[in-house]
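As a plain string of letters, each chain reads:
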Amino acid sequence: MTTVLPVALPLIQAPMAGVSTPELAAAVSNAGALGSIAIGAATVDAARSMIERTRSLTDRPFNVNVFCHRTPTIDAEREANWLAGLAPLFARLGAEPPERLETIYQSFNDDPAMQALLCEQRPAVVSFHFGLPPQPVIEALKQCGITLLATATTLAEGRAIEAAGIDVIIAQGSEAGGHRGVFDPDQGDALLGVVPLVRLLAHHTSIPVIAAGGIMDGAGIDAMLAAGAHGVQLGTAFIACPESAASDTHRAWLGGAHSLETVVTPVISGRPARALVNGHTCEITSTDVPDYPRTYLAGKALAAAAIEAGDKTFDVCWAGQGAALSRALPATALVRQLCAESRRLGVTSKNSE
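Residues numbered from 1 in each chain as written. Predicted model: local features only at pLDDT ≥ 70, side-chain atom pairs only at ≥ 80, totals over all residues. Heavy atoms only, no water.

Trainee: Now, about the sheet that holds strand E3 (residues 62-67): what can you tell me, with residues and values included?
Mentor: As summarised here, the arrangement of the eight strands in space is E1-E9-E8-E6-E5-E4-E3-E2, forming an open sheet in which the pairing is parallel. Each having just a single partner strand, strand E1 (11-13) and strand E2 (35-38) make up the two edges of the open sheet. In this sheet, adjacent strand axes meet at a mean angle of 25° when their direction is disregarded. Judged from the three bridges that link them, E1 and strand E9 (residues 231-234) form a sheet pairing that is parallel. In the strand pairing of E9, Gln13 is matched with Leu234. (Pairing = 2+ DSSP bridges. Helix = DSSP H or I, 4+ residues; strand = E, 2+ residues; numbered from the N terminus. Axes fitted to C-alpha atoms, helices over the stretch in contact; angles between N-to-C directions.)

Written out as structure tokens, the structure reads:
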């Protein structure tokens with residue numbers, strides 16, 4: 001095992017909500033890396049099923065990821081204005097926007113039942129995105145023997161993670177696909193690239209750092225390890241695996257010209273996230289965005305209305321800046337290919353045994 005993670009390879013398959021599956025996580029873990037499932041948008045019962053399904057497919061460690069976003073503020077006027085602004089897009093698709101926005105899933109910080117589930121199930125690894133849970137929850141998970149990871153996008157966030165007693169920092173560079181892990185979006189996003197972020201965290205914190213963002217192949221892995229990372233996390237690289245739940249459109253766009261252009265936008269979900277350019281990113285121009293995940297209700301509804309109308313341009317396809325380097329390989333084959341391409345991945349693992 002590595003000294004950083006309870007697996008042979010210092011390689012994590014990112015926990016992409018809506019894309020990662022127990023089958024993907026198990027295949028990655030069975031290949032010697034750390035597979036991940038994402039339960040941030042799931043109910044407690046669904047989360048339990050996902051954990052149990054993953055355990056039925058592998059006896060190796062895997063990561064369970066949760067969302068620690070702040071409790072959304074309900075601003076009726078702002079939300080009504082948002083829906084009114086989307087009405088012409090829905091009308092063009094022969095549909096109507098939702099009557100109101102709703103909080104479609106809870107933050108882990110507000111969900112004691114989900115906290116209890118993780119203490120009961122005791123997965124080998126739990127990771128936090130969008131911030132940190134209350135300190136008593138962190139201590140409870142640590143007492144269960146769970147290795148804890150948390151996402152940082154700045155040095156200040158990394159220092160907060162270290163001070164909370166978390167074991168490993170996930171250094172999410174601006175190149176990364178999906179939701180930015182910023183603790184407080186209202187304070188802005190520094191959009192640090194993964195290399196300067198890794199260097200800052202490696203220099204100014206004393207816990208291991210895992211690099212994430214735009215890493216798609218062995219050369220990218222080696223660059224991150226040379227920059228001071230103890231390991232790497234890849235997300236977009238695993239989307240095209242047959243074990244993922246990615247849509248046909250997502251897979252097609254990764255394999256074509258769409259993969260060359262991504263953008264960070266809050267208009268789909270209410271939080272900044274990097275996606276392949278689509279109808280949302282091109283046609284929604286308002287900047288007065290309601291809170292996450294309430295905005296996401298409308299974003300999902302618009303995508304569903306477009307699909308019903310035979311229009312794929314509003315499909316939401318999260319992806320990082322390295323999307324054009326995507327390869328459609330089974331997860332086990334991809335892990336083996338990454339190891340074969342890297343000059344440092346196997347060395348790092350052996351040196352840590």
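Structure's up, so let's keep going.
Trainee: Could you give an account of the side chain of Ser20, naming the residues involved and the relevant values?
Mentor: Within the secondary structure, Ser20 sits in the loop between E1 and helix H1 (22-30). Residue class for Ser20 comes out buried when judged on its relative accessible area of 9%. Excluding anything up to four places from it in sequence, Ser20 contacts Gln13, Ala14, Pro15, Ser36, Ile37 and Ala38. (Buried < 20%, exposed > 50% of the residue type's maximum accessible area, 1.4 Å probe, protein only. Contact = heavy atoms within 4.5 Å.)

Trainee: Please give an account of the environment of Ser342 that cites residues and values.
Mentor: The residue Ser342 is located in the loop between helix H13 (331-341) and helix H14 (345-351) in this model. Taking the C-alpha atoms as reference, Ser342 lies 26 Å from Gly256; in sequence the two are 86 residues apart. Residues contacting Ser342, with those up to four places away along its chain left out, are Gly218, Ile221 and Asp222. Within the structure, the side chain of Ser342 is placed 2.7 Å from the backbone nitrogen of Leu345, a separation counted as a polar contact. (Polar contact = N/O pair within 3.5 Å; in protein donor to acceptor, adjacent residues only side chain to side chain.)

Trainee: Before we move on, could you go through the packing of aromatic side chains and cite the residues and values that matter?
Mentor: The final tally for this structure, using the stated rule, is six aromatic pairs. For the ring pair Tyr105 and Tyr292, a centre distance of 5.9 Å and an interplane angle of 70° mean the geometry is edge-to-face. With a gap of 187 residues between them, Tyr105 in the loop between helix H3 (76-92) and helix H4 (112-121) and Tyr292 in the loop between helix H11 (279-283) and helix H12 (294-308) connect regions that are remote in the sequence. By the burial criterion, Tyr105 is buried, and Tyr292 matches it. Among the aromatic residues, those joined into a cluster by ring pairs are Phe67, Tyr105, Phe130 and Tyr292. (Phe/Tyr/Trp six-rings, centres within 6.5 Å; stacked < 30°, edge-to-face > 60°.)

Trainee: Which residues make up the sheet that holds strand E11 (residues 273-276), and what are the values?
Mentor: With antiparallel pairing, three strands are arranged side by side in an open sheet as E7-E11-E10. Each end of this open sheet is capped by a strand with a single partner; those strands are strand E7 (178-179) and strand E10 (262-265).

Trainee: Explain unusual backbone geometry to me, using residue names and the numbers behind them.
Mentor: Note the cis peptide between Tyr292 and Pro293, where omega equals 0°. Unlike most non-glycine residues, Arg122 shows phi in positive territory, near 50°. Positionally, Arg122 belongs in the loop between H4 and strand E4 (125-129). The exposure class of Arg122 is partly exposed, given its relative accessible area of 48%.

Trainee: Explain helix H2 (residues 44-57) to me, using residue names and the numbers behind them.
Mentor: With 14 residues, H2 should reach 20 Å at 1.5 Å per residue; the first-to-last C-alpha distance of 20 Å fits that figure. Burial in H2 covers these residues: Ala47, Met50, Ile51 and Thr54. End-on view of H2: buried residues confined to an arc of 95°, all on one side of the axis. Turned more than 90 degrees away from the buried face of H2, the exposed residues are Asp45 and Ser56. Tucked into the core, H2 has its buried residues touching H1, E2, E3 and H4. (Expected span 1.5 Å × (residues − 1). Arc of directions from axis to C-beta.)

Trainee: Explain the pattern of salt bridges to me, using residue names and the numbers behind them.
Mentor: Tallied over the full model, the rule gives 13 salt bridges. Asp288 serves as the salt-bridge partner of Arg78, at 3.9 Å between the closest nitrogen and oxygen. Within this pair, whereas Arg78 is found in helix H3, its partner Asp288 is found in the loop between H11 and H12, the two being separated by 210 residues in sequence. Taking the relative accessible area as the measure of exposure, Arg78 reaches 18% and is therefore buried. With relative accessibility at 43%, the residue Asp288 sits in the partly exposed group. A salt bridge links Arg180 to Asp189, with the shortest nitrogen-to-oxygen separation between them at 2.7 Å. (Salt bridge = Lys/Arg side-chain N within 4 Å of Asp/Glu carboxyl O.)

Trainee: Kindly report on the pairing of strand E8 (residues 209-212), identifying the contributing residues and their values.
Mentor: Of the two faces of E8, the one carrying Val209 and Ala211 and the one carrying Ile210 and Ala212 are both buried. Taken together, the four bridges between strand E6 (residues 168-172) and E8 define a ladder with parallel strand orientation. Residue pairing in the sheet places Ile170 in a bridge with Ile210 of E8. Inspection of the sheet shows E8 paired to E9 by three bridges, in the parallel sense.

Trainee: Help me get a handle on the packing of helix H6 (residues 155-163) against helix H7 (residues 194-204), residues and values and all.
Mentor: Contact pair H6 / H7: the axes reach a minimum separation of 10 Å and the direction vectors enclose 40°. Our classification of the angle between H6 and H7 gives oblique. Seen from above, H6 lies across H7 with right-handed handedness. Residue-level contacts link Leu155, Gly158, Arg159 and Glu162 of H6 to Leu197, Leu200, Leu201 and His204 of H7. (Parallel < 35°, antiparallel > 145°, perpendicular 65-115°, else oblique. Left-handed = near helix turned anticlockwise from the far one by under 90°.)

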